[in-house]
Amino acid sequence: MAPPITLHYPLGILSSTTLSHFHKRTNALLMAATITAAQAGTAISTPHTSSSSYVAGIKRSSRPRAAPQAHDWCSSMPPLAARRARACAARAAEGALLGGVTAPVAQQLRIAVGDREILLETGEIGRQAGGAVMVTDGETMLYTTACADEDSSSDGSFAPLQVNYTERFSAAGRTSGGFLKREGRPKDHEVLVARLIDRPIRPMIQSGWTHSTQVLTWVMSYDGTHSPEPLAITAAGAALALSDVPLRSAVAGARVALLPGRGFVVNPTVEEMEGSTLDMVIAGTSEAVLMIEGFCDFLTDEQMLEAVRCGHDAIRTMCVAIDEWAAKLGKPKRTSSLLLPPEGLDDTIRAMIGQQIEEGYRSTPSKQERGELFGALRQQVRDALVLPAAASPQQPQQPQQQQDDSNGAAEKRYAYPTVSMALKRVESAIMRRLVLEAGFRADGRGVADVRPIWSRAAVLPRTHGSVLFTRGETQALAVTTLGCNRSAQRIDSMSVEDEEQRFYLQYSFPPSSVGETGRTGAPGRREVGHGNLAERALLPVVPDEASFPYTIRVESTITESNGSSSMASVCGGCLSMLDAGVPLKRMVAGVAMGLILEADGRFVVLTDILGSEDALGDMDFKVAGDGQGITAFQMDIKVEGITLDILQTALEAAGNGRRHILAEMERCSPAPRATLSQYAPRIRQMTVPLDKVGMAIGPGGRTIRQIEEATGVDMQIDGDTGFVTLKGDTEEACAQAEALLKGLVSDPEVGTVYRGCKVTSVMPFGAFVEVLPKREGLLHVSEWGYSHVRNVADVVKEGDLVDVMVLEVQDSGKIKLSRKSVLQADGVPAPPPSAADSGGDSGGSSPRSGGRGAPKAVPEEGKVYRGCRITQIMPFGAFVEVLPRVEGLVHVSEWSAAFTRNIADDAAIGDTVDVLVLEAPQGGKMRLSRKAVAAAEAAAAAAGIPADSSGGAKGGVAAAVAGSDSDKENEDPVEVAV
């Protein structure tokens, strides 16, 4: 006899509730093992255990237990427990359960999608979930579960479905860059993907389902090549198909791209998507399309229809395979708990208020007035048909009916939710009939008409751009704010790390926009989804960073809503960016389309739908773009049966609607400014060589701070790329900061003239000049000017400013400079040889070296020159222009007979003095004296000699008037011989 096999289930420390739940599950397993053993011909014994384990001794017996006995055992159990026990027994018979005996084995399904296969697995992981699927594409793997509560938690008016999607950083081998390393609040991208999963699945859950249902998806592995979004939709549809949730049909998803030279591609790789002009995510069943969402670069209607056809072909293949797989491995559906509407209730309500509802639709175009009328009619029905004990919707109740024998009449009454759902069905039927048969809508428009539109720009004076856009009873206040890259939206996700988004739109839908109160604060899932749709619709027309180096933030606050506030955000956002001076490539508008589709095939497409038409209709199809192409679209369908012909009709009507709206936007009054606001920052961008980034930043950012303090400009330098952004209040400030930074990081260029350069040090052989910040070169004494200079210190000192040309930049970094080359480049002629021999330096602009051209005369020793202008004052003396462009030095000792500490105390640059030429050696300095002139005049006065008569060089005073000179402002210098 074979030894007994023992199954151990450690209990640990459990609460009474947990322990009771564990006992139930273990007993179900033991019963399943008993059934399996009976079918296999083994005897079952369950000895008493006192340890923290359940022990089942399974011994081989010569007399097999009859299978009917085991079947009778399950029949005595509650239906749900019996169904689960039989399912466990079936799996145990295959060796897939019975934990300690055989390891679980995954059941696989391979489906060809596009140019590769995806793999779906179940039965190995998550076996206690209602449905669990692991889907694999390449090395991208997603784990999805679907579970529903056993107890009802809803009144059946809507599917109680919750969808969560999580991208784990570990899937890509990363850890979150934020402070918190554990995944917590969903990021915007995760919310958007969760919405992609929710929207096609929700309408496929059978009506009347009241059990809270939850679909959870985790990205467990990501290869950076195969995107997880379409896989998440397929995995969720497969998990629900395997579970006991009554899903009408399997749902699958796909992504469609449009690649140059290849056409439409299903489930493209991430690399292929970079070159695609279309990003469409489509979901549906084997029979119909349920959801479309995508963004493109002005695709035509025909291209979009072809993309839908291509995507649905792939979805059909997946859904057929998943349906067959679920029929083999899935659990029985819980259809017995569906809450179905009672017979005759709709007819009773229609007889009570049907005529009044139809009249209200025909005669009350205002949403508020119509709401008040319909509210009174609904209350009338509730008073007559709702159970007295359940008259308040807040009270817990189960849909039911009972007899009310008051007044001797038998009258049926129902639970509050049951009556409310019936009211909605009656209102929907009346609205749909009016549209189909009479082409009449609640606000009196035709099926193709757009509501009246008003818009005005510059609503808010201190914002960079603002527009109030109104379409009927839907209104959006759009505001555009410009900033530098510090204002960009940073994104840290599984697939991208620290990405910056320079254009983003944030949508806000306060409850006051529909006259209600509610939660405010962080955006809800609907707000995130609507904002993303409007943002992607505008993105193709936003200029690139090279032509408009601003971060653009658009805020759309919905101030009033009655249909398609997201499309109002597109229109308002477009106009507000124009008002902020953003040079958009073209204007974009959006419109929402609706559909009324009957089972007999009749349908009507509605343009610019109202909120009630969205709620009671069969489709919400939002389309944005210009008059010729589409930039964004989003379609949600509540019923199966939408054909490509219906979709084509909707696209054509949407194109007509967009063209009408664009024409109305052109009439915006006042019109957008189309120029930068005076309150908007001014931004310039440049690039610094990577080897100069450290120099531009400086030790501890000192250089940046100095430039910021000097100019008032905010500087941002990317140390990895060398990209620099300058943000200031004025263009002048930005230009000044840019010039300073360029001078700091630029290399001197051979042949370039640098003016106003500071002399940093003077040596006997030349002077060192700072050509660029912290870049010095040597100005050799031979390159000073045309004339010979023995010592540079004789003509220049530290702190003087000179103009130099770069002659050579050596590999070692040494720079050779020339002042003489600047004179030649400026066209200053060289002095004649006689002047050069006399020692005057006529080839330059320095006050010590002479003028910029040849002098008309050479100063003579022993002569007095009157009215000479002081050109420069130094601590040791003053330089005086004796003849045009010919200067000499009056040393401080030759200024006056009295002691003079500093000539600057007695005279200033521009004053005129009389000087005597003491010495004018050839090729040397010219020495002058003011003191000698004063002494000679005093001596002549004492001797009674007129200043203008007599004297030779040794004995008297003779005056001669020199010729006039235009450069001396027509003053006549006087020569006096002593």
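It should be noted that the structure appears before, not after, this text.
Residues numbered from 1 in each chain as written. Predicted model: local features only at pLDDT ≥ 70, side-chain atom pairs only at ≥ 80, totals over all residues. Heavy atoms only, no water.

> Any chance you could explain the packing of aromatic side chains here in plain terms?
How two aromatic rings sit relative to each other is set out by the distance from centre to centre and by the angle between their planes. Overall, the coordinates contain 6 aromatic pairs when judged by the stated rule. Arranged with centres 4.7 Å apart and planes meeting at 35°, the rings of Phe548 and Tyr550 form a pair that is tilted. Each member of the pair, Phe548 as well as Tyr550, carries the same accessibility label: buried. A ring pair is formed by Phe765 and Phe768, whose centres lie 6.4 Å apart and whose planes are at 90°; its orientation type is edge-to-face. Accessibility expressed as a relative area gives 26% for Phe768, which makes it partly exposed. The aromatic ring of Phe298 is capped on one face by Arg586, whose charged end is 3.8 Å from the ring centroid. (Phe/Tyr/Trp six-rings, centres within 6.5 Å; stacked < 30°, edge-to-face > 60°. Buried < 20%, exposed > 50% of the residue type's maximum accessible area, 1.4 Å probe, protein only. Lys NZ or Arg CZ within 6 Å of the ring centre and 35° of its normal.)

> What is the right way to look at the sheet that holds strand S5 (residues 131-137) in this model?
Hydrogen bonds between backbone atoms are what pair the strands of a sheet, whose relative direction is either parallel or antiparallel. A sheet is described by the order of its strands in space; here 6 strands give the open sequence S3-S4-S5-S6-S8-S7, paired in mixed fashion. Whereas interior strands pair on both sides, the edge strands pair on one side only; in this sheet they are strand S3 (107-113) and strand S7 (161-167). Within this sheet the neighbouring strands show an average axis-to-axis angle of 20°, counted without direction. The sheet contact formed by strand S6 (residues 140-152) and strand S8 (residues 211-221) spans 9 bridges and is antiparallel. Across the sheet, residue Cys147 finds its bridge partner in S8, namely Gln214. Helix H5 (residues 229-242) contacts strand S4 (116-122), S5, S6, S7 and S8 of the sheet and is inclined by roughly 150° relative to S5. (Pairing = 2+ DSSP bridges. Helix = DSSP H or I, 4+ residues; strand = E, 2+ residues; numbered from the N terminus. Axes fitted to C-alpha atoms, helices over the stretch in contact; angles between N-to-C directions. Contact = heavy atoms within 4.5 Å.)

> What is the right way to look at the packing of helix H11 (residues 525-538) against helix H12 (residues 565-579) in this model?
What describes two packed helices is the angle between their axes and the distance between those same axes. One can describe the packing of H11 onto H12 by two numbers: an axis separation of 9 Å at closest approach and a directional angle of 45°. In terms of axis orientation, H11 runs oblique to H12. When the axes of H11 and H12 are compared, the crossing they make is right-handed. Residue-level contacts link Arg526, His530, Leu533, Ala534, Ala537 and Leu538 of H11 to Ser565, Ser566, Met567, Ser569, Val570, Gly573, Cys574 and Met577 of H12. (Parallel < 35°, antiparallel > 145°, perpendicular 65-115°, else oblique. Left-handed = near helix turned anticlockwise from the far one by under 90°.)

> Looking at this model, I keep getting lost on the pairing of strand S30 (residues 766-772). Mind explaining?
As a general feature of sheets, a regular strand has side chains that alternate between the two faces. Burial within S30 is extensive, with 5 of its 7 residues counted as buried. Remark: 2 residues form the turn of the hairpin made by strand S29 (residues 753-763) and S30, two consecutive strands paired antiparallel. Where S30 and strand S31 (residues 775-780) come together, 6 bridges link them in antiparallel fashion. Each bridged residue has a counterpart across the sheet, and for Gly766 the counterpart in S31 is His780. Between the antiparallel neighbours S30 and S31 lie 2 residues, among them Lys774 with a positive phi of about 65°.

> For this particular structure, what's the right way to read the pattern of salt bridges?
Pairing between side chains becomes possible if they bear opposite charge and their charged atoms approach one another. Scanning the model with the defined rule gives 45 salt bridges in all. Between Asp608 and Arg451 there is a salt bridge, and its shortest N-O distance comes to 2.9 Å. One end of the pair, Asp608, is in the loop between strand S23 (603-607) and helix H13 (611-616); the other, Arg451, is in the loop between helix H10 (416-438) and strand S15 (453-457), and 157 residues separate them in sequence. What makes Asp608 buried here is its relative accessible area of 0%. (Salt bridge = Lys/Arg side-chain N within 4 Å of Asp/Glu carboxyl O.)

> Help me understand the side chain of Asp620 in this model?
If you trace the backbone, Asp620 turns up in strand S24 (residues 619-625). Asp620 sits in the buried class, given a relative accessible area of 8%.

> Sorry if this is basic, but what is going on with the packing of helix H4 (residues 188-201) against H5 here?
Packing of H4 against H5 brings their axes to within 9 Å, and their N-to-C directions diverge by 45°. Viewed along their axes, H4 and H5 adopt a mutual orientation that is oblique. The chirality of how H4 crosses H5 is right-handed. Touching His189, Val193, Leu196, Ile197, Pro200 and Ile201 of H4 are Glu229, Ala232, Ile233, Ala236, Gly237 and Leu240, all from H5. Class assignment of the residues belonging to the contact of H4 with H5 gives a composition of 9 nonpolar, 2 polar and 1 charged. (Nonpolar A, V, L, I, M, F, W, Y, C, P; charged D, E, K, R; others polar.)

> What is the right way to read the sheet that holds S29 from this model?
The 5 strands are arranged S29-S30-S31-S33-S32 in a closed barrel whose pairing can be described as mixed. Ignoring which end each strand starts from, the neighbouring axes of this sheet average 55° apart.

> What should I look at first to understand the side chain of Arg658 in this one?
By the secondary structure assignment, Arg658 is in helix H14 (residues 644-665). The side chain of Arg658 sits in the buried core without any salt bridge; Asp301 is the nearest counter-charge, 4.9 Å away. Within the local environment of Arg658, its side chain forms a polar contact with the backbone oxygen of Asp626, the two atoms lying 3.0 Å apart. (Lys, Arg positive; Asp, Glu negative; His and termini not counted. Polar contact = N/O pair within 3.5 Å; in protein donor to acceptor, adjacent residues only side chain to side chain.)

> Would you explain unusual backbone geometry in this entry?
Excluding glycine, a negative phi dihedral is what most residues carry, and trans is how most peptide bonds are arranged. With an omega dihedral of -5°, the bond running from Ser669 to Pro670 counts as a cis peptide bond. Along the chain, Pro670 falls in the loop between H14 and strand S26 (682-687). Here the phi dihedral of Ala458 falls at roughly 55°; this positive angle occurs in a residue that is not glycine. Unusually for a residue other than glycine, Ala674 sits at a positive phi of about 65°.

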